[in-house]
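Structure assessment
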Amino acid sequence: MADRDRSIGFAEGVQRGFALDDAVSFRQFMLEIYDYRCAVTGKAYASDEADQHLEVFLFQPLGHGGHMAPGNAVVVDAVVAGLLGKGHLLISDAYRAYTSHPEIVSEPVEASEAHGRNMVLPDNVSLWPQRAMVGYHRSLFRAQ
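Definitions and cut-offs
Positions within a chain are numbered from 1, following the residues in the order the chain's sequence is written. For this predicted model, a pLDDT threshold of at least 70 governs which residues receive local features, and a threshold of 80 or more governs which side-chain atom pairs are given and counted, while totals over whole chains, interfaces and linings are taken from all residues. Side-chain calculation: all heavy atoms of the structure are included, whereas hydrogens and water are not. Exposure categories follow from relative accessible area, calculated using a 1.4 Å probe and restricted to protein chains: below 20% of the type maximum is buried, above 50% is exposed, and the middle band is partly exposed. What counts as a helix is a DSSP run of H or I of at least four residues, what counts as a strand is a run of E of at least two, and both are numbered from the N terminus. This arc describes the spread of directions from the helix axis toward the C-beta atoms. Any pair of nitrogen or oxygen atoms within 3.5 Å is treated as a polar contact; in protein, a donor-acceptor pairing is required on top of that, and neighbouring residues in sequence qualify only through side-chain atoms on both sides. In plain words, nonpolar cores are sets of buried Ala, Val, Leu, Ile, Met, Phe, Trp, Tyr and Cys residues tied together by side-chain atoms within 4.5 Å. Note on contacts: a residue pair qualifies if any of its non-hydrogen atoms lie within 4.5 Å across the two residues. The rule is short: rings of Phe, Tyr and Trp, with Trp giving its six-membered ring, pair when the centres are within 6.5 Å, and they are stacked under 30 degrees, edge-to-face over 60, tilted in between. Scored from 0 to 100, pLDDT reflects the predictor's confidence in each residue. Criterion used throughout: strands pair if DSSP finds at least two bridges between them.

1. Some points on helix α3 (residues 78-86)
The α-helix winds at 3.6 residues per turn, so residues separated by three or four positions along the chain end up facing the same way. What α3 keeps buried is the set Val80, Ala81, Leu83 and Leu84. Down the axis, α3 shows its buried residues gathered within 165 degrees of arc, on one side only. N-capping of α3 is provided by Asp77, with a side-chain oxygen placed 3.1 Å from the backbone N of Val79.

2. Points about the nonpolar core
A general feature of soluble globular proteins is that nonpolar side chains tend to end up buried together. Among the nonpolar cores identified, the biggest contains 34 residues, and Val40 and Val76 are the most heavily contacted of them. Counting only elements with at least two residues in this core, the list comes to α1 (23-33), β1 (54-58), β2 (73-77), α3, β3 (89-91) and α5 (131-139). Element by element, the count of residues in this core is highest for α1, at five residues. In contact with Val76, other than residues within four places in its own chain, are Cys38, Ala39, Val40, His53, Leu54, Glu55, Phe57, Ala81 and Leu84.

3. Considering the packing of aromatic side chains
In total, this model carries two aromatic pairs according to the counting rule given. On the basis of an interplanar angle of 75 degrees and a centroid distance of 5.3 Å, the ring pair of Tyr95 and Trp128 is categorised as edge-to-face. With a gap of 33 residues between them, Tyr95 in the loop between β3 and β4 (97-99) and Trp128 in the loop between α4 (110-113) and α5 connect regions that are remote in the sequence. A residue is classified by how much of its surface remains accessible, and Tyr95, at 7% relative accessible area, is buried.

4. Brief notes about the confidence of the model for the protein chain
Mean pLDDT over the protein chain: 81, with 72% of residues reaching 70 or higher. In this model, residues 104-115 is a region of pLDDT below 50 whose contacts with residues beyond four sequence positions or in other chains number 22 contacts.

5. As for the environment of Gly87
As for its placement among the helices and strands, Gly87 is situated in the loop between α3 and β3. For the pair formed by Gly87 and Ser100, sequence separation is 13 residues and the distance between their alpha carbons is 7.1 Å. Setting aside residues up to four positions removed in sequence, Gly87 forms contacts with Ser100 and Phe141.

6. A short note on α1
All of the buried residues along α1 are Phe26, Phe29, Met30, Leu31 and Ile33. On its buried side, α1 packs onto α2 (50-53), β1 and β2. Looking one or two residues beyond α1, the residue adopting positive phi is Asp35, at roughly 55 degrees.

7. What about the environment of Tyr95?
Each C-alpha atom, one on Tyr95 and one on Asn118, is 6.0 Å from the other, the two residues being 23 residues apart in sequence. For Tyr95, the side chain forms a polar contact with the main-chain oxygen of Pro129, separated by 2.5 Å.

8. Observations regarding the side chain of Thr41
By the element assignment, Thr41 lies in the loop between α1 and α2. When its relative accessible area of 6% is taken as the criterion, Thr41 is described as buried. Here the side chain of Thr41 touches Lys43 through a polar contact of 3.2 Å, landing on its backbone nitrogen.

9. Side note on unusual backbone geometry
Not every positive phi belongs to a glycine, and Asp35 is a case in point at roughly 55 degrees. When you line up the elements, Asp35 lands in the loop between α1 and α2.

10. Some words on the pairing of β2
The element β2 is largely enclosed, with a buried count of five among its five residues. Along β2, one buried face is formed by Ala73, Val75 and Asp77 and the opposite face, lined by Val74 and Val76, is buried too. Note: β1 against β2, five bridges, orientation antiparallel. Its bridge partner lying in β2, Glu55 is registered against Val76.

Laid out in structure tokens, this is it:
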């Protein structure tokens, strides 16, 4: 088994992705840097409630060549993850959530109220989603 260099941190520069076998570590890392808070609604959870309510959403899915890396991910609650996954909720390059089809988003959740709201992101800008990944996600739902 190859010895991986664990000394690579999240300083400026290229960040390594997490290997698939590191999925649990990646999830925990993301929950911690987002302070157990949904980036879209801003709702915070206690660390022991996070597993029930929060998901790590990948803008470019693994099946599309995406990686488990902070630049390709955001922490959101389960309903918001579902809306992002269906393209009913999108993120702008200015990190503002918006509904692509307001008539469809009738979920009784803060997500519909988050239209145009700035996202709650980590203090460290290098851990924010990359605009290219957010744009990739939007491109999946662009009208043909």
